[in-house]
There are 2 protein chains.
Amino acid sequence: MSVNDRKMKVLQAIVDDYVTTNEPVGSKSLIERHNFPVSSATLRNDMAELERMGLIEKPHTSAGRIPSDRGYREYVDSLMTLDSLSDAERIEISGRIDESVGEVRDLLKNASAALSETTGYVSLVMTPKLAGSSLLQLKILMIEPGKALVVMVLSAGVVKDKVVRIPNFLTPDQLKEISDSVEKSLNGKPLDEITLVTLATSVKETKIPDSLLNQVLYETYTAIKQADRLDVYLDGEHNMLKLPDFSELSRARDLLGTLSHDGMVAGYVNEIEKENHGSSDTYMIRIGQEIALEGLEDCSFITTTYKVGDSISGNIGVIGPKRMDYSKVISQIDFVRYKLNDGIKKLNS
Amino acid sequence: MSVNDRKMKVLQAIVDDYVTTNEPVGSKSLIERHNFPVSSATLRNDMAELERMGLIEKPHTSAGRIPSDRGYREYVDSLMTLDSLSDAERIEISGRIDESVGEVRDLLKNASAALSETTGYVSLVMTPKLAGSSLLQLKILMIEPGKALVVMVLSAGVVKDKVVRIPNFLTPDQLKEISDSVEKSLNGKPLDEITLVTLATSVKETKIPDSLLNQVLYETYTAIKQADRLDVYLDGEHNMLKLPDFSELSRARDLLGTLSHDGMVAGYVNEIEKENHGSSDTYMIRIGQEIALEGLEDCSFITTTYKVGDSISGNIGVIGPKRMDYSKVISQIDFVRYKLNDGIKKLNS
DNA sequence: TTTGGCACTCGAAGGATAAGAGTGCTAATT
DNA sequence: AATTAGCACTCTTATCCTTCGAGTGCCAAA
């Protein structure tokens, strides 16, 4: 084993130890716990070198070493060995997710709950981005005078709807006429290409007075725009309070404060995804300072995607302390992702 | 002023001081801050008496006094003076709530956000209980072979729907036949009186084979049952970390742990409401140990109802430290409640 | 019933000290 | 050149002690 190889082993050992004990690790305990065929003095030299390379650091002059952000990065990129889930864990997760009844929303919520429960960290599940998916059907149904339901069927069988207000004296027949023309002209169009103008041109041929038409069109338009609204299911925030990493109240406060703006978190995930543009099934891992969200400096953020049909996907991930068992968490996310894909397929088929 | 009156004044002063300073209040500072026309020794006697009555207590032998749960109770029931909101607060709250677009769900979420924001505590908004409301319309619409949408209109104009799976070879005409018979026989029935049997009898006369019928009926039944699902919007949990009352990490952990089970909190609110059965517009206040939820021993829980139409109502409230400005919080809830009632009326009219 | 006075209590804050884990460096060894 | 033993040095943590001050309870006088 070359000297360089050993240094990397040392880094790996430091990360492993620090993750489990949450104590800066010193040369002596390193020797005790792992069987390095060298003395502690040698490890001290290696550790000094690793520090020079910026991979580990000491909290204080006379303390052991902890991994730096770059150290974790090196660990995750090159040193980590992936392990797999125990059967017990699989059963636990499956149980929670399979109890979902009927709606995608339940499924996503339960997946998030299962993920935060098994990891002990914060889980994140976002509804799929529908902006790029296309409109397969659109019907406007009269509920009662003045009130209608816009029902949209999107690619991959996703159904969205919204109650809208319409002019009181619009008749069901008139509404049907509008609905049919709109559907005819929008059919197959991607959601994000639909504008108010598109809608207006689609009903040019009808004989319904503009005054009535306009309100219906506008409401239909808002319904379409709202169809791709992003919902975020964050779960397990309170888990972070159990971690020694956040035993300082101010850290915990900053963290939970930021996490309470789920829109911010979602926005950040979308940014990350843009950078990795669309390579699905891969894991995006952000460590410590790499995360551009206030209060998450001591966290790592792991995300990946789940699928709804072929072209539509949503995000799923975990926010935990930098000091986490990356390998384990990734396999946990992976299994939840698998169950989620599966559940959605069953629901939407 | 009688001696007894003064004792109550002293209690009031202690609560007021303790709420603002979060320090046990002693006889001397009491004299300084309020103009009692007596000496500190006299107040000491009064305080000893109040303690004998169980209304105040000392954390330690040589500390000042803090209100006991019963002390707060006395304060809330008899001593508190209600004040009103500042214009700035009204505008702040109105702004947040008025920006809601289109859906009741947004409105509830925003109301909850506004409430947690202005109080600085945890807010709670629950969707209305629909179990008792009745079914005015029910339509089952074919979306594509194998998939249909069940649309229900309930009292007070509330619309609910759910995508369900149906047998692949069921024709739109058959579906319409089922839909019409079901609607005819269920019309006006309260949701909680509808059973699978009710549904089955309603379609006895149709000529559709049972094998097809049963799945549709079952799915419709689950759609109806799911219509009155209770959603809970808890917001501002992280605010609690800012309070000195929860600067002990373990307290904060217990509190947020319990609050993360929003189902538990919702269940508790329903219990409270049953006890107060249905007297609307009143405030239900639980203080400290009166709250039967783990981790909320140092909290107070104030709830009331908002209205959707005449007969349907939901709950809204705040969870904060016992040591809160009750009067202020109540007026804040009251204003949010008012804005919420108003917003719903506008949406549903 | 109220008041001044006084002894007493107890927590919070501030040092001082000792223990312990860990480091860096030097000189010797392989 | 790489490794090792040894040792002086550093820095944190825990513990104990002291002091300080706010507050109490109670007694005797008004």
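In case you missed it, the structure is sitting above this.
The paragraphs below set out a description of the structure included in this document.

## Things to note about the protein's contact with DNA strand C
Moving on, step 1. Lining the immediate environment of DNA strand C, one finds 20 residues, of which Ser 27 and Lys 58 of chain A together with Ser 39, Thr 42 and Ser 62 of chain B sit closest.
Moving on, step 2. Taking all atoms of DNA strand C within 4 Å of the protein, the share assigned to sugar and phosphate is 77%.
Moving on, step 3. A distance of 3.2 Å separates a base nitrogen of DNA strand C from a polar side-chain atom of Arg 44 of chain A.
Moving on, step 4. With four residues, helix α3 (residues 40-52) of chain B is the single largest residue contributor to the surface near DNA strand C.

## Comments concerning the sheet that holds strand β6 (residues 159-165) of chain A
For sheets, the rule is that strands pair by backbone hydrogen bonds, running either parallel or antiparallel.
Residues and elements named next belong to chain A.
Moving on, step 1. Read across the sheet, three strands follow the order β4-β5-β6 without closing on themselves; strand pairing throughout is antiparallel. Two strands bound the open sheet, and with one partner strand each, they are β4 (135-144) and β6. For this sheet the average axis-to-axis angle between neighbouring strands, irrespective of direction, equals 20°.
Moving on, step 2. As paired elements, β4 and strand β5 (residues 147-154) share eight bridges and run antiparallel to each other. Bridged to Ile 140 within β5 is Val 150.
Moving on, step 3. Here helix α9 (residues 210-227) sits on the sheet and contacts β4, β5 and β6; the angle it forms with β6, its principal contact strand, is near 145°.

## As for the relation of the copies chain B and chain A
Moving on, step 1. Structural alignment of chain B on chain A gives an RMSD of 0.1 Å, achieved by rotating through 180° and translating 0.0 Å along the axis. Given the turn and translation reported, the copies of this chain are related as if by a two-fold rotation axis. Closest approach to the rotation axis among the C-alpha atoms of chain B is made by Leu 249 of chain B, whose C-alpha sits 3.5 Å away.
Moving on, step 2. A high fraction, 100%, of the interface residues of chain B reappear at the interface in chain A, so the copies pair face to face through one surface.

## Notes on the environment of Gly 309 of chain B
Residues and elements named next belong to chain B.
Moving on, step 1. Within the element layout of this structure, Gly 309 appears in the loop between β9 (299-308) and β10 (312-321).
Moving on, step 2. By relative accessible area, which is 41% here, Gly 309 ends up partly exposed.
Moving on, step 3. Taking C-alpha positions, Gly 309 is 5.1 Å from Ala 156, a pair spaced 153 residues apart along the chain.

## Description of the environment of Ala 156 of chain A
Residue and element names in this part refer to chain A.
Moving on, step 1. Examined against the element boundaries, Ala 156 turns out to sit in the loop between β5 and β6.
Moving on, step 2. Residue classification places Ala 156 among the partly exposed residues on the basis of a relative accessible area of 33%.
Moving on, step 3. The residues touching Ala 156, leaving out its near neighbours within four places in the chain, are Val 308, Gly 309, Ile 312 and Asn 348.

## Considering the side chain of Thr 220 of chain B
All names here are of chain B.
Moving on, step 1. Here Thr 220 shows up in helix α9 (residues 210-227).
Moving on, step 2. For Thr 220, a relative accessible area of 1% translates into the label buried.
Moving on, step 3. A polar contact of 2.6 Å, which involves the side chain of Thr 220, links it to the backbone oxygen of Val 216.
Moving on, step 4. Thr 220 has contacts with Leu 138, Ile 140 and Val 150, leaving out every residue within four places of it along the chain.

## Topic: the interface of chain B and chain A
Moving on, step 1. Residue-level contacts link 38 residues of chain B with 38 residues of chain A.
Moving on, step 2. Carbon and sulfur atoms make up 51% of the area that chain B and chain A hide from each other, which totals about 3100 Å².
Moving on, step 3. Linking chain B with chain A are four salt bridges, by the criterion used here.
Moving on, step 4. On the surface where chain B and chain A come into contact, there are 12 residue pairs in polar contact (both at pLDDT 80 or more).
Moving on, step 5. Elements supplying a minimum of two residues to the side of chain B that touches chain A: α6 (104-119), β4 (135-144), β5 (147-154), β6 (159-165), α10 (249-259) and α12 (326-348) of chain B.
Moving on, step 6. Partitioned by chemical class, the residues of the side of chain B that touches chain A number 14 nonpolar, 10 polar and 14 charged.

## Some points on the side chain of Asn 110 of chain A
Moving on, step 1. If you trace the backbone, Asn 110 of chain A turns up in helix α6 (residues 104-119).
Moving on, step 2. With residues up to four places along the chain from it excluded, the contact list for Asn 110 of chain A reads Arg 96, Ile 97, Glu 99 and Ser 100 of chain A.

## Brief notes about the packing of aromatic side chains
Residues and elements named next belong to chain B.
Moving on, step 1. Counted according to the given criterion, the structure contains six aromatic pairs over all chains.
Moving on, step 2. Measuring from ring centre to ring centre gives 6.1 Å for Tyr 72 and Tyr 326, while their planes differ by 50°; the resulting arrangement is tilted. Of this pair, Tyr 72 sits in helix α4 (residues 69-79) while Tyr 326 sits in helix α12, and the two are 254 residues apart along the sequence. Taken as a pair, Tyr 72 and Tyr 326 share a single burial class, namely buried.
Moving on, step 3. A cation sits over an aromatic face here: Arg 90 above Phe 335, 5.4 Å from the ring centre.

## Some thoughts on the protein's contact with DNA strand D
Moving on, step 1. Lining the immediate surroundings of DNA strand D are 20 residues, of which Ser 39, Thr 42 and Ser 62 of chain A together with Ser 27 and Lys 58 of chain B lie closest.
Moving on, step 2. Of everything in DNA strand D that lies within 4 Å of the protein, sugar and phosphate atoms constitute 74%.
Moving on, step 3. Contact distances for DNA strand D include 3.3 Å between a base nitrogen and a side-chain N or O atom of Arg 44 of chain B.
Moving on, step 4. Between DNA strand D and the protein, one listed contact pairs a phosphate oxygen with a side-chain N or O atom of Lys 58 of chain B at 2.5 Å.
Moving on, step 5. Of all the secondary structure elements, the ones that give two or more residues to the surface near DNA strand D are α3 (40-52) of chain A together with α3 of chain B.
Moving on, step 6. No other element matches α3 of chain A, which puts four residues into the surface near DNA strand D.
Moving on, step 7. Grouping the constituent residues of the surface near DNA strand D by class yields four nonpolar, 11 polar and five charged.

## Considering the packing of helix α1 (residues 3-21) of chain A against helix α4 (residues 69-79) of chain A
Residues and elements named next belong to chain A.
Moving on, step 1. Two elements in contact, α1 and α4, have axes separated by 10 Å at closest approach and are oriented at 110°. As summarised for this structure, α1 and α4 are arranged roughly perpendicular, according to the angle between their axes. Residues Met 8, Leu 11, Gln 12, Val 15, Asp 16 and Tyr 18 of α1 touch α4, and the partners they reach there are Gly 71, Tyr 72, Glu 74, Tyr 75 and Leu 79.
Moving on, step 2. A class-by-class count of the residues in the contact of α1 with α4 yields seven nonpolar, two polar and two charged.

Parameters at a glance
Residues numbered from 1 in each chain as written. Chains lettered and ligands numbered in written order. Predicted model: local features only at pLDDT ≥ 70, side-chain atom pairs only at ≥ 80, totals over all residues. Heavy atoms only, no water. Near = heavy atom within 4 Å. Polar contact = N/O pair within 3.5 Å; in protein donor to acceptor, adjacent residues only side chain to side chain. Helix = DSSP H or I, 4+ residues; strand = E, 2+ residues; numbered from the N terminus. Pairing = 2+ DSSP bridges. Axes fitted to C-alpha atoms, helices over the stretch in contact; angles between N-to-C directions. Contact = heavy atoms within 4.5 Å. Least-squares fit on C-alpha atoms with pLDDT ≥ 70 in both. Buried < 20%, exposed > 50% of the residue type's maximum accessible area, 1.4 Å probe, protein only. Buried area = accessible area lost by both parts, 1.4 Å probe. Salt bridge = Lys/Arg side-chain N within 4 Å of Asp/Glu carboxyl O. Nonpolar A, V, L, I, M, F, W, Y, C, P; charged D, E, K, R; others polar. Phe/Tyr/Trp six-rings, centres within 6.5 Å; stacked < 30°, edge-to-face > 60°. Lys NZ or Arg CZ within 6 Å of the ring centre and 35° of its normal. Parallel < 35°, antiparallel > 145°, perpendicular 65-115°, else oblique.

Any link to function would need more than the numbers given here.
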